[in-house]
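Chain by chain, the residues run as shown.
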Amino acid sequence: MIRKPLIAGNWKMHMTVADARHLVSEMVPGLQSKSGVDKVVCPPHTALLAVSSLLEGTDIALGAQNMYWETAGAFTGEISPNMVAEFCEYVILGHSERRTFFGETDKDVNRKVQAAFAYGLTPIFCIGETLEEYEADRTYEVVFRQVKMGLEAIQFDNSGDGDGSNLVVAYEPIWAIGTGRAATPTDANQVIAEVIRPALGELFGEGMAQRIRVLYGGSVNGENAQGFFSQSEIDGALVGGASLKVADFIQITLAAVR
Ligand code: PEP
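All values derive from a computational prediction rather than experimental measurement.

Definitions and limits used
Residues numbered from 1 in each chain as written. Predicted model: local features only at pLDDT ≥ 70, side-chain atom pairs only at ≥ 80, totals over all residues. Heavy atoms only, no water. Phe/Tyr/Trp six-rings, centres within 6.5 Å; stacked < 30°, edge-to-face > 60°. Helix = DSSP H or I, 4+ residues; strand = E, 2+ residues; numbered from the N terminus. Buried < 20%, exposed > 50% of the residue type's maximum accessible area, 1.4 Å probe, protein only. Near = heavy atom within 4 Å. Polar contact = N/O pair within 3.5 Å; in protein donor to acceptor, adjacent residues only side chain to side chain. Areas by Shrake-Rupley, 256 points an atom, 1.4 Å probe, with all protein chains shown as cover. Nonpolar A, V, L, I, M, F, W, Y, C, P; charged D, E, K, R; others polar.

Q: Hey, could you go over the packing of aromatic side chains for me, with residue numbers and the actual values?
A: In total, this model carries 4 aromatic pairs according to the counting rule given. Between the aromatic rings of tyrosine 216 and phenylalanine 228, the centroid separation amounts to 4.3 Å while the plane-to-plane angle is 5°, which identifies the pairing as stacked. Taken together, the residues span a long stretch of sequence, with tyrosine 216 in strand S7 (residues 213–217) and phenylalanine 228 in helix H10 (residues 225–229) at a distance of 12 residues. For tyrosine 216, a relative accessible area of 0% corresponds to the buried category. A relative accessible area of 1% means that phenylalanine 228 is categorised as buried. An aromatic cluster is present here, built from Tyr68, Trp69 and Phe75 joined pairwise through their rings.

Printed below as a string of structure tokens:
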């Protein structure tokens, strides 16, 4: 396996600073030093500072859940890539909840991915079809467009970060997020094999497409995780609800160890 698995926890809009401290302190002993898998937690912005100090000296990375693409300015309520980069290695971009509730377009997500690269952040770039699109058999068309537009004009540095490890794609069918109705591992694997990696290949070349990690997201839990990770194209998971449950998140992470 050329790609190291990665498990990322998206805490969404949960956890005060006190709750976040408590959760991360309980998680660290079970996650820490589990080699063969990269681990990331993505608390809300207000808890980044507190969680970053608790993760110091561990091998668990920190991610933000969103950011704006501008560096500074009159953008009330937004947070910039350089602010995120003060604490984080990763940033979730284009999550379906951002696209659905906050009107983010493929073009917006593309600007954010470019900004993340400019500040040395690794984007966890999210794509996925709605239930309506799934039922209309439009998954391939939608996911292909999201990859091509969201990653347009992205340049990998051929030296330092040119190994593809500074981009993570998360395939998250929207109908599977928070619903308890996960995609089947074989269906998710097929979308990645037949659409996502070929689209990455068109953008970056076949070799790079094979090195970029592609996660599955959507109702992953401790029970079903192993089924996803046994698929050849699935390199880990972006986990929502179960990332707030210590035992589940640890179980998912251990299932990904290679
Ligand atoms: C998510 O928020 O990206 C997600 C996949 O949520 P859940 O695991 O709860 O479906």
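On we go.
Q: Lay out the site of the ligand with the relevant residues and their values.
A: Near the ligand you find 14 residues, and of these Lys12, Glu172, Gly178, Ser219 and Gly240 are the closest. Between an oxygen atom of the ligand and a side-chain N or O atom of lysine 12, the distance comes to 2.8 Å. Within the side chain of histidine 95, an N or O atom sits 2.8 Å from an oxygen atom of the ligand. In isolation the ligand has 290 Å² of accessible area, and contact with the protein removes 95% of it. A class-by-class count of the residues in the shell around the ligand yields 4 nonpolar, 8 polar and 2 charged.

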